[in-house]
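The chain contents come next:
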Amino acid sequence: MPTKLTAPIFRRRLHPSLCEMLLAEKGSAVTFGDWDGLYLAASSISGVGLFMGHDVMEGGRILTVVGELVRFTYRTDGREADPNYPNAIGIAKETWLDPALDNPMNFINHCCEPNVIVGEDLRLTALTAIQAHTELLLDYSTTELDLGWSLACACAADTCRRDLRAFQFLPKELQAKNAKRMSQRMLADLLEMTRGVK
C-alpha cells in the first residue's frame, strides 16, 4: 500500500533528495491524500516523478494547479525574471503561479515528448491517452514566456532539445501543436509580445 503524502515538507524545491529517501524508506510509491490517483514514484527522468494511478483519456483533466500568484517584470539583460520560484508555472505575461505546497505539480518532470499540458483554467490535461501507472510529463517550455528563462534538459527522449527556452523558441510545429491546448490568456499575451506591443 502506498504511503500517503500529507505534509508540505516533501516539496521538491525545499528538500531535493527527501522524496528519494522517503521512497527508499517507505516503498515504491507515495500518494497524495486529496488528489485522486496521483502518486510519487521513482522516475527514469529525474529521481522522483508524478504518476497517474488510473487510465486517462486524451483531453482528460488530471488536476487543477492552485497556488500563489507571483508577478515580476521581465529583465532586459537576458536573465530570468526571478529564479527563486523554480516550480512556478507561467500563466500570462510576467505572471506565474507558484503551486501550493501540497499541489502535486511540484513533482512533475519535464520531457520533450510530454503527455500533459497546463491548459485553460490551469487544468493539467492529457495530451494523449495515458495508461495507469504512467509518469506524467510536461514540456516546461509550454509554461514559460520569459525570454531569459532557460534550462538544461536530459530527458533522453528521441526528440530531446537539450537546451530548453521559453515557448517563443520552440520549433514552429511544436508551437502550433501546443497552442491548441494552452490557455487563451497565455496565447493572447504571446501574440502581444511577438508583435512588440508593450
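For the structure itself, consult the block above.
In short, a report on the structure. For clarity, every value in this text was computed on a predicted model and none was experimentally measured.

Some words on the overall build of the protein
A count of helical and extended segments in the protein gives three helices and 15 strands. Every one of the 198 residues in the protein was classed for burial, and the buried ones make up 47%. Working note: accessible area of the protein is about 10,400 Å², and carbon and sulfur atoms make up 53% of it.

Regarding the nonpolar core
Ranked by size, the top nonpolar core spans 22 residues in total, and within it Ile 62, Met 105, Ile 108, Val 116, Leu 124 and Leu 136 carry the most contacts. Of all the elements, strand β4 (residues 48-52) adds the most residues to this core, at three residues. Ignoring anything within four residues of it in the chain, the contact list for Val 116 reads Ile 62, Ile 108, Leu 124, Thr 125, Ala 126, Leu 127, Ile 130, Leu 136, Leu 137 and Leu 138. Grouped together as the second largest cluster of nonpolar side chains are 13 residues, Tyr 74, Leu 145, Leu 170 and Leu 190 included.

Details of the packing of aromatic side chains
Scanning the model with the defined rule gives two aromatic pairs in all. Seen in terms of ring centroids, Tyr 39 and Phe 51 are 5.7 Å apart; in terms of plane orientation they differ by 20°. Their pairing is stacked. With Tyr 39 in strand β3 (residues 38-42) and Phe 51 in strand β4, this residue pair connects regions lying 12 residues apart in the sequence. With respect to burial, Tyr 39 and Phe 51 carry one shared label: buried. Between Phe 72 and Trp 96 the ring centres are 6.3 Å apart and the planes differ by 55°, which places this aromatic pair in the tilted class. Linking Phe 72 in the loop between β6 (67-71) and β7 (89-92) with Trp 96 in strand β8 (residues 95-99), this pair joins segments that are 24 residues apart in sequence. On the accessibility criterion, Phe 72 (26% relative accessible area) is partly exposed. When the ring centre of Phe 169 is taken as origin, the NZ or CZ atom of Arg 165, which lies over that ring, is 3.7 Å away.

Some thoughts on unusual backbone geometry
The phi angle at Glu 94 is positive, at roughly 55°, despite the residue not being glycine. Inspection of the secondary structure puts Glu 94 in the loop between β7 and β8. Phi is positive for His 133, which is not a glycine, with a value near 70°. Examined against the element boundaries, His 133 turns out to sit in the loop between β11 (123-126) and β12 (134-135). On the basis of relative accessible area, His 133 is assigned to the exposed category, the value being 52%.

Some remarks on the sheet that holds β6
The strands making up a sheet are joined through hydrogen bonds of the backbone, oriented either antiparallel or parallel. One open sheet accounts for three strands, arranged β6-β8-β7; its pairing is antiparallel. Pairing within the sheet leaves two strands with one partner each, and these edge strands are β6 and β7. Pairwise comparison of adjacent strand axes, ignoring direction, gives a mean angle of 35° for this sheet. Note that β6 and β8 share five bridges and pair antiparallel. In the sheet register, Glu 68 faces β8, and the bridge partner there is Asp 98.

Calculation rules
Residues numbered from 1 in each chain as written. Predicted model: local features only at pLDDT ≥ 70, side-chain atom pairs only at ≥ 80, totals over all residues. Heavy atoms only, no water. Helix = DSSP H or I, 4+ residues; strand = E, 2+ residues; numbered from the N terminus. Buried < 20%, exposed > 50% of the residue type's maximum accessible area, 1.4 Å probe, protein only. Areas by Shrake-Rupley, 256 points an atom, 1.4 Å probe, with all protein chains shown as cover. Core = buried A, V, L, I, M, F, W, Y, C linked by side-chain atoms within 4.5 Å. Contact = heavy atoms within 4.5 Å. Phe/Tyr/Trp six-rings, centres within 6.5 Å; stacked < 30°, edge-to-face > 60°. Lys NZ or Arg CZ within 6 Å of the ring centre and 35° of its normal. Pairing = 2+ DSSP bridges. Axes fitted to C-alpha atoms, helices over the stretch in contact; angles between N-to-C directions.

Purely geometric numbers; function is a separate question.
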